[in-house]
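Structural overview for review
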Amino acid sequence: MMKFAVTTSAPDIDQTIPISLLSGTFIERIKMASNLGYDGIELITNHPELINPSKIVSTIRNNNLEIAALATGGLAFIEKLTLLSSQSEIEKEAFDRLSKLIVFAHSVSAPIVTIGSFRGKAYHSDIQESREKLAGILYRASNQAEDLGVRLVIEPLNRYEANLINNVKEGLEFISEVGSSNLGLLLDTYHINIEESSVSECFITAENAHRLWHVHLGDSNRHPLGLGHLDFPTILNTLENIQFKDFLSAELLSIPNPNAAAAITIEYLRSQTVDFYK
Ligand code: LER
Ligand code: MN
């Protein structure tokens, strides 16, 4: 059975993030996610040291939800920290913050830490040099995460947001370069729709390589599901056929507002996946 999560910020973040859904206090947002029928939460956190892990876990579990993943996007959007940067002190600080997030993921039993925009941009004149640098960084981080029972996922991003790892083929090649069995792929329907000739086919490619570990959901325009032109019935059918059992997280724009976007998306998903509930 597929599990659906919604992306929202942890209590340490009070700024607005465009892809953080739900509004209100953290407890109100968790309750709402549960009432809407989500199975899990993808948490954006920048300062996990400010959060009490057992309080977070009990709030989420008491509402019959799981933590699907911890997201690093807030570190990039708000703190302007990225693993690759032409400023070495930013790279150093970013790695340190990733290590802290991995330790926090372990303490709240989050199975996955995502690496999307947080990887930063290739800045060497030879792009291969940046790739190799990132591979070294993620090799170290993947090993640290493995020791703590946490998996890392790298997310191909569309060409307007990243100049490194834009599609599934490049993602799989990069994972081979890193050489860690603890690094997988996060495929985001919004990004792969821009870069791939077939969204469904690339899920199959990633699954055949045993690296499809996490999914982000957003329609072609990054609006709630059903409000763009992605063929979600076929995509969901493909994921069902390959028996994808990990989380699919709604990570999309707060259109028309953060609560309605979450509500429209889960309603759409439940209407398309009724078979699972027979
Ligand atoms: C950014 O566009 C995205 O998809 C996030 O998951 C990246 O951190
Ligand atoms: Mn994403």
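Residues numbered from 1 in each chain as written. Chains lettered and ligands numbered in written order. Predicted model: local features only at pLDDT ≥ 70, side-chain atom pairs only at ≥ 80, totals over all residues. Heavy atoms only, no water.

On to the coordination of the manganese ion (ligand 2), then. Protein coordination at the manganese ion (ligand 2) comes from E155 (OE), D188 (OD), H216 (ND1) and E251 (OE), with a distance range of 2.1 to 2.3 Å. Viewed at the metal, the 6 donor atoms of the manganese ion (ligand 2) are separated by angles of 70 to 178°, and the geometry they form is octahedral. The sequence pattern describing where the donors of the manganese ion (ligand 2) fall on their chain is E-x32-D-x27-H-x34-E. Here the residue E155 occupies a position in the loop between β5 (151-154) and α6 (168-178), and E251 occupies one in the loop between β8 (247-250) and α10 (258-272), the gap between them amounting to 96 residues. A relative accessible area of 5% means that E155 is categorised as buried. (Donors = N, O, S within 2.8 Å, 3.2 Å for Na, K, Ca; no water. Tetrahedral: all angles 85-135°; square planar, octahedral: opposite > 155°, others 65-115°. Helix = DSSP H or I, 4+ residues; strand = E, 2+ residues; numbered from the N terminus. Buried < 20%, exposed > 50% of the residue type's maximum accessible area, 1.4 Å probe, protein only.)

Around ligand 1 lies a shell formed by G73, G116, S117, E155, L157, E161, D188, H191, H216, R222 and E251. Here E155 contributes a side-chain N or O atom positioned 2.7 Å from an oxygen atom of ligand 1. One of the side-chain nitrogen or oxygen atoms of E251 is found 2.6 Å away from an oxygen atom of ligand 1. Per-class residue counts for the shell around ligand 1 are 1 nonpolar, 5 polar and 5 charged. (Near = heavy atom within 4 Å. Polar contact = N/O pair within 3.5 Å; in protein donor to acceptor, adjacent residues only side chain to side chain. Nonpolar A, V, L, I, M, F, W, Y, C, P; charged D, E, K, R; others polar.)

It is worth spelling out the packing of helix α5 (residues 127-147) against α6 at this point. At a minimum axis separation of 9 Å, α5 and α6 run at an interaxial angle of 60°. Classed by the angle they form, the pair α5 and α6 counts as oblique. Handedness of the crossing formed by α5 with α6: right-handed. Facing Q128, R131, L134, A135, L138 and Y139 of α5, the residues of α6 in contact are E170, E173, F174, E177 and V178. The residue makeup of the contact of α5 with α6, split by class, is 6 nonpolar, 1 polar and 4 charged. (Axes fitted to C-alpha atoms, helices over the stretch in contact; angles between N-to-C directions. Parallel < 35°, antiparallel > 145°, perpendicular 65-115°, else oblique. Left-handed = near helix turned anticlockwise from the far one by under 90°. Contact = heavy atoms within 4.5 Å.)

Our next topic: the packing of helix α4 (residues 88-107) against α5. With their axes 10 Å apart at the nearest point, α4 and α5 run at an angle of 25° to one another. With respect to α5, the element α4 is oriented roughly parallel. Handedness of the α4/α5 crossing: right-handed. On the side of α4, the interface is formed by E91, F95, L98, S99, I102 and V103, while α5 contributes K133, I137, L138, R140, A141, Q144 and A145. Of the residues belonging to the contact of α4 with α5, the class tally is 8 nonpolar, 2 polar and 3 charged.

All right, on to the sheet that holds strand β4 (residues 112-115) then. Whether parallel or antiparallel, the strands of a sheet pair through hydrogen bonds between backbone atoms. Reading around the barrel, the 8 strands line up as β1-β2-β3-β4-β5-β6-β7-β8 and close back on themselves, with parallel pairing between neighbours. Shown here is a sheet whose adjacent strand axes are inclined to one another by a mean of 30°, direction ignored. Bridge analysis of strand β1 (residues 3-9) against β8 gives 4 bridges, and the strand direction is parallel. Bridging across to β8, K3 finds its partner in F247. In the packing of α6 onto the sheet, contacts are made with β5 and β6 (183-188), and the angle to β6 comes to roughly 165°. (Pairing = 2+ DSSP bridges.)

A few words on the side chain of R222. Of note, R222 is situated in the loop between β7 (212-217) and α9 (232-241). Here the side chain of R222 touches E251 through a polar contact of 3.0 Å, side chain to side chain. R222 has contacts with I19, E161, D188, Y190, H191, E251, L252 and L253, leaving out every residue within four places of it along the chain.

What is shown is where atoms sit, not what they do.
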